[in-house]
Amino acid sequence: MPGKHNTIASRIEYYRTYYLQYEDRYKNLYYDRKIKQLERIQLYQDYGGERNYYEEQYKNWLNNIEEK
């Protein structure tokens, strides 16, 4: 039966090797998220932001329903 310190050390070693194996994956996911965020900001920049864009679309949708 392994001692308490052996299991903790092996657990630390497990997470360390797991992180080192997937370090590139984590970096790529981080940069992909940042790139997508910048693309969204650039996409809605002409409308004053994403929130304003959807507010305007909602108002237009309500006006179209009232006209019909």
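Keep in mind it's a predicted model, so treat the numbers as computed, not measured.

Draft legend 1. Summary view of the overall build of the protein. When helices and strands are tallied, the protein shows three helices and zero strands. Helices (α) and strands (β) of the protein occur, in sequence order from the N terminus, as α-α-α. Counting over 68 residues, the protein shows a buried share of 1%. On the protein, roughly 6,900 Å² of surface is accessible, and the fraction owed to carbon and sulfur atoms is 52%.

Draft legend 2. Broad picture of the packing of aromatic side chains. Under the counting rule described, the total for this entry stands at 10 aromatic pairs. Ring geometry for Tyr-18 and Tyr-22: centres 4.7 Å apart, planes at 55°, overall tilted. An aromatic cluster of at least three residues, connected via ring pairs, comprises Tyr-14, Tyr-15, Tyr-18 and Tyr-22.

Draft legend 3. A look at the pattern of salt bridges. Evaluated as defined, the whole model comprises four salt bridges. Here Glu-13 and Arg-16 are joined by a salt bridge, their closest N and O atoms 3.9 Å apart. Here Glu-13 pairs with Arg-16, and both are found in helix α1 (residues 4-21), just three residues apart, close to one helical turn. Residue classification places Glu-13 among the partly exposed positions, given a relative accessible area of 41%. The exposure class of Arg-16 is partly exposed, given its relative accessible area of 48%. Two residues, Glu-23 and Lys-27, come together in a salt bridge whose shortest N-O distance is 3.8 Å. Residue Glu-23 and its partner Lys-27 are located together in helix α2 (residues 23-44), separated by four residues, close to a single helical turn. When its relative accessible area of 43% is taken as the criterion, Lys-27 is described as partly exposed.

Draft legend 4. Spatial organisation of a nonpolar patch on the surface. Taken together, the side chains of Tyr-14, Tyr-15, Tyr-18, Tyr-19, Leu-20, Tyr-26 and Leu-29 make up a nonpolar region of the molecular surface, amounting to roughly 740 Å² of accessible area. Breaking the nonpolar patch down by element, the ones donating at least two residues are α1 and α2. Sorting elements by how many residues they give to the nonpolar patch places α1 first, with five residues. Locating Tyr-19 in the fold gives a position in helix α1.

Thresholds, definitions, all that
Residues numbered from 1 in each chain as written. Predicted model: local features only at pLDDT ≥ 70, side-chain atom pairs only at ≥ 80, totals over all residues. Heavy atoms only, no water. Helix = DSSP H or I, 4+ residues; strand = E, 2+ residues; numbered from the N terminus. Buried < 20%, exposed > 50% of the residue type's maximum accessible area, 1.4 Å probe, protein only. Areas by Shrake-Rupley, 256 points an atom, 1.4 Å probe, with all protein chains shown as cover. Phe/Tyr/Trp six-rings, centres within 6.5 Å; stacked < 30°, edge-to-face > 60°. Salt bridge = Lys/Arg side-chain N within 4 Å of Asp/Glu carboxyl O. Patch = residues over 30% accessible without salt bridge, like charges linked within 9 Å, V, L, I, M, F, W, Y side chains within 5 Å.

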